[in-house]
Amino acid sequence: MNHTYDVHLLPLSFKRKHLQSVIKLILMISLISVAFTKKVSADEVKPTGPDAQKIWDKTCSSCHGNSADIARNYLSVVDGQLQGPMHKTTFRKFLTNHYLSEMKADAIHSMLLTQATTKPRYEVECSSCHKSAADFVRESFVLRKGLLHGKKSGTPTRYFLEKHRDLKKEDVDFFMNELTVMGYKIYLPQLAR
Ligand code: HEC
Ligand code: HEC
């Protein structure tokens, strides 16, 4: 469509009188749109924000579960590039075609990259004294009514953890969750047999 069409229809005097304000207006609009584009691209390069986790929880978790687990266990970082088990060099492109717009894919991508390269907290904070989480759970805990208990002591693991290593309440929650999920992975298949 030709947008100069309307301008040609205007009388010459009107054109002259208003030419300056039209130019000013066009300048203003282009300045605003430049500012707007800048703002959008600033959002785009923003690394992991709470948004990425929200998007994941809303759009991806129903099929894939926990994003950090997926990132650590299934994705790898090769020369700084995130790769999936199936989509290696095309991983970034795959994300955009997989339930995500370009901008959301950027956010999810940097979140997964961070999570893929962050060591699990258990490994950092606990495994110097305990074995791997899986071995620790297998050797030391049982599931009773869905809750972890010490195999030897029989006391709920949460009670123990609340007095162990000066852990804060949110840390106790975090590690109880990690260990309990591990407990479910190990013991539920055995119960189902
Ligand atoms: C309806 C279920 C479903 C939803 C929702 C879903 N996915 Fe997937 N996803 C799959 C399936 C199936 C595969 C494996 C087949 C494939 O590669 O397309 C997969 C594969 C993947 C992979 C591995 C790619 C590789 O290299 O193998 C990643 C990473 C991934 N999805 C991320 C996401 C993200 C991020 C979201 C949310 C925006 C999401 N998925 C939403 C079903 C889903
Ligand atoms: C500096 C060594 C050390 C670190 C680090 C450590 N623990 Fe322990 N932990 C122990 C020792 C020693 C015991 C057993 C003796 C006791 O304290 O009663 C134990 C016992 C436990 C038990 C009870 C086991 C049972 O048989 O009931 C749990 C649960 C536990 N630790 C969890 C953790 C978690 C989770 C972390 C990481 C946040 C951690 N520990 C970090 C030394 C450590």
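Going by the structure above, here's the rest.
Residues numbered from 1 in each chain as written. Chains lettered and ligands numbered in written order. Predicted model: local features only at pLDDT ≥ 70, side-chain atom pairs only at ≥ 80, totals over all residues. Heavy atoms only, no water.

1. Side note on the side chain of Ser-67
Now for step 1: Tracing the chain through its elements places Ser-67 in helix H4 (residues 67–74).
Now for step 2: With relative accessibility at 2%, the residue Ser-67 sits in the buried group.
Now for step 3: Looking at Ser-67, its side chain comes within polar contact range of the side chain of Gln-115, at 3.0 Å.
Now for step 4: In this structure Ser-67 touches Gln-53, Trp-56, Met-111, Leu-112 and Gln-115, once residues within four positions along its chain are discounted. (Helix = DSSP H or I, 4+ residues; strand = E, 2+ residues; numbered from the N terminus. Buried < 20%, exposed > 50% of the residue type's maximum accessible area, 1.4 Å probe, protein only. Polar contact = N/O pair within 3.5 Å; in protein donor to acceptor, adjacent residues only side chain to side chain. Contact = heavy atoms within 4.5 Å.)

2. Notes on the pairing of strand S4 (residues 147–150)
Now for step 1: Where strand S3 (residues 141–144) and S4 come together, four bridges link them in antiparallel fashion. Residue pairing for S4: Arg-144 is matched across the bridge by Leu-147.
Now for step 2: Hairpin remark: S3 followed by S4, antiparallel, with two residues in the connecting loop; positive phi at Lys-145, about 50°. (Pairing = 2+ DSSP bridges.)

3. Concerning the packing of helix H8 (residues 133–140) against helix H10 (residues 169–192)
Now for step 1: In the contact formed by H8 and H10, the axes pass within 9 Å of each other and the chain directions differ by 70°. Put simply, H8 runs roughly perpendicular to H10. Contacts from Ala-133, Ala-134, Phe-136, Val-137 and Arg-138 in H8 reach Leu-179, Met-182, Gly-183, Ile-186 and Tyr-187 in H10.
Now for step 2: Partitioned by chemical class, the residues of the contact of H8 with H10 number eight nonpolar, one polar and one charged. (Axes fitted to C-alpha atoms, helices over the stretch in contact; angles between N-to-C directions. Parallel < 35°, antiparallel > 145°, perpendicular 65-115°, else oblique. Nonpolar A, V, L, I, M, F, W, Y, C, P; charged D, E, K, R; others polar.)

4. Some points on the coordination of the iron atom of ligand 2
Metal coordination angles in their ideal form are 109.5 degrees for the four-donor tetrahedron and 90 or 180 degrees for the six-donor octahedron.
Now for step 1: Coordination of the iron atom of ligand 2 by the protein is provided by His-130 (NE2) and His-164 (NE2), with metal-donor distances spanning 1.9 to 2.0 Å.
Now for step 2: Of note is the iron atom of ligand 2, whose six donor atoms meet at the metal with angles of 89 to 179° in an arrangement that counts as octahedral. Of this pair, His-130 sits in the loop between helix H7 (121–125) and H8 while His-164 sits in the loop between helix H9 (157–161) and H10, and the two are 34 residues apart along the sequence.
Now for step 3: According to the relative accessible area criterion, His-130 is partly exposed, its value standing at 27%.
Now for step 4: The class for His-164 is partly exposed, based on a relative accessible area of 23%. (Donors = N, O, S within 2.8 Å, 3.2 Å for Na, K, Ca; no water. Tetrahedral: all angles 85-135°; square planar, octahedral: opposite > 155°, others 65-115°.)

5. Side note on H8
Now for step 1: Turning to H8, its buried residues are Ala-133, Ala-134, Phe-136 and Val-137. For H8, the angular spread of the buried residues around the axis is 165°, confining them to a single face. (Arc of directions from axis to C-beta.)

6. A few points about the coordination of the iron atom of ligand 1
Now for step 1: Protein-derived coordination of the iron atom of ligand 1 comes from His-64 (NE2) and His-98 (NE2), at a distance range of 2.0 Å.
Now for step 2: Seen from the iron atom of ligand 1, its six donor atoms lie at angles of 86 to 179°, and the figure they make is octahedral. Of the two residues, His-64 sits in helix H3 (residues 50–64) while His-98 sits in the loop between helix H5 (91–97) and helix H6 (102–117), which places them 34 residues apart along the sequence.

7. Some points on the site of ligand 2
Now for step 1: Neighbouring ligand 2 are 15 residues; Cys-126, Cys-129, His-130, Phe-160 and His-164 lie closest to it.
Now for step 2: His-130 places a side-chain nitrogen or oxygen 2.8 Å from a nitrogen atom of ligand 2.
Now for step 3: His-164 is positioned such that a nitrogen or oxygen atom in its side chain is 2.8 Å from a nitrogen atom of ligand 2.
Now for step 4: At the level of elements, H8 and H9 are the ones that each hand at least two residues to the shell around ligand 2.
Now for step 5: With three residues, H9 is the single largest residue contributor to the shell around ligand 2.
Now for step 6: For the shell around ligand 2, the residue count by class is seven nonpolar, six polar and two charged. (Near = heavy atom within 4 Å.)

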